[in-house]
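In case you want the letters, here they are:
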Amino acid sequence: MSDYGPGDLFLADCPARLAVDLIADKWTVVVLSGLSKGPVRHGDLIDLIGGISRKMLTQTLRRLEVHGLVRRHAYAEVPHRVEYELTPLGATLIEPIHVLTEWARANGDAVLDALDANSGPVAQHG
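Residues numbered from 1 in each chain as written. Predicted model: local features only at pLDDT ≥ 70, side-chain atom pairs only at ≥ 80, totals over all residues. Heavy atoms only, no water.

Trainee: Can you lay out the packing of aromatic side chains for me, pointing to particular residues and giving the numbers?
Mentor: Summed over the entire model, instances satisfying the criterion amount to zero aromatic pairs. A cation sits over an aromatic face here: R81 above Y75, 3.6 Å from the ring centre. (Phe/Tyr/Trp six-rings, centres within 6.5 Å; stacked < 30°, edge-to-face > 60°. Lys NZ or Arg CZ within 6 Å of the ring centre and 35° of its normal.)

What follows is the structure in C-alpha cells.
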C-alpha cells in the first residue's frame, strides 16, 4: 500500500511518476514495441528500429532491464549470442503502446498540420 494520495501522482519521488519518466524516454516505447513479438538479438533490434545507435540501444536495454521490463539472456555458445525479451511486467505495456500507436496513426497528419501552421519562430520559455 502506497502512502501517496491521488494529488501526489506527479511528485518527483512518486512511483507512478518514476514509471512515467521511464516510458517517456525517446527510445523506450520503440524498444518495447520491437520486443513485443518475442526474443530479439541486439543487431536485429537495431535493424528493426532504425535510427538508434548501438550505444543508445544498449543503454536503453540496460535501463529497461534494471527496471524489470526486459530480460537479457546470454547463451553459452560460440559465437556469443544474446537475446532480449519482455518480462511479464514489460508485456503489460504492449497494449498501451498499441493504443498510443493507433492514436499517432489517426492524428499524425493533424499534428504535422499544426506544426506547419505554427512554423514561425518558437518563443523561448524560461
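Trainee: So what's going on with the nonpolar core? Which residues, and what values?
Mentor: Formed by 21 residues in total, the largest nonpolar core has its most connected members in V31, L32, L35, L45, L57, L61 and V70. Listing elements by their share of this core, those giving two or more residues are α2 (28-34), α3 (42-49), α4 (54-66), β3 (81-86) and α6 (94-117). The contact partners of V31, leaving out residues within four places of it in the chain, are L45, I49, L57, T60, L61 and L64. (Core = buried A, V, L, I, M, F, W, Y, C linked by side-chain atoms within 4.5 Å. Buried < 20%, exposed > 50% of the residue type's maximum accessible area, 1.4 Å probe, protein only. Helix = DSSP H or I, 4+ residues; strand = E, 2+ residues; numbered from the N terminus. Contact = heavy atoms within 4.5 Å.)

Trainee: Which residues make up unusual backbone geometry, and what values go with them?
Mentor: Of note, the bond from V78 into P79 is cis; its omega dihedral lies within 30 degrees of zero at 0°. On the secondary structure map, P79 appears in the loop between β2 (70-75) and β3.

Trainee: Describe in detail the sheet that holds β2, supporting the description with residues and values.
Mentor: With antiparallel pairing, the three strands of this open sheet are ordered in space as β1-β3-β2. Each edge of the open sheet is held by one strand with a lone partner, namely β1 (40-41) and β2. (Pairing = 2+ DSSP bridges.)

Trainee: Tell me about the pairing of β2, residues and numbers included.
Mentor: Bridge count between β2 and β3: six bridges; the pairing is antiparallel. Each residue of the ladder has a partner; that of Y75, found in β3, is R81.

Trainee: Break down the confidence of the model for the protein chain for me, citing the residues and quoting the values.
Mentor: Summary statistics for the protein chain give a mean pLDDT of 87 and a share of 84% for residues scoring 70 or more. Taken element by element, the predicted model of the protein chain shows its lowest mean pLDDT in helix α1 (residues 15-23) (80) and its highest in helix α5 (residues 88-91) (97). (pLDDT = per-residue confidence, 0-100.)

Trainee: So, the environment of L89: which residues are in play, and what are the values?
Mentor: Counting through the fold element by element, L89 comes out in helix α5. Distance from L89 to L69, taken between C-alpha atoms, is 5.6 Å for residues 20 residues apart in sequence.

Trainee: Give me the lowdown on the pattern of salt bridges, citing residues and values where you can.
Mentor: Going through the model one piece at a time under the given rule, you end up with five salt bridges. A salt bridge links R81 to E83, with the shortest nitrogen-to-oxygen separation between them at 3.1 Å. Both residues of the pair, R81 and E83, belong to the buried class. With a closest N to O distance of 2.5 Å, E102 and R105 form a salt bridge. In this pair, E102 and R105 are both assigned in helix α6, three residues apart and thus about one turn of the helix distant. Taking the relative accessible area as the measure of exposure, E102 reaches 47% and is therefore partly exposed. Take R105: its relative accessible area is 62%, and that puts it in the exposed class. Look at the salt bridges and you will find they share partners, linking E77, R81 and E83 into a network. (Salt bridge = Lys/Arg side-chain N within 4 Å of Asp/Glu carboxyl O.)

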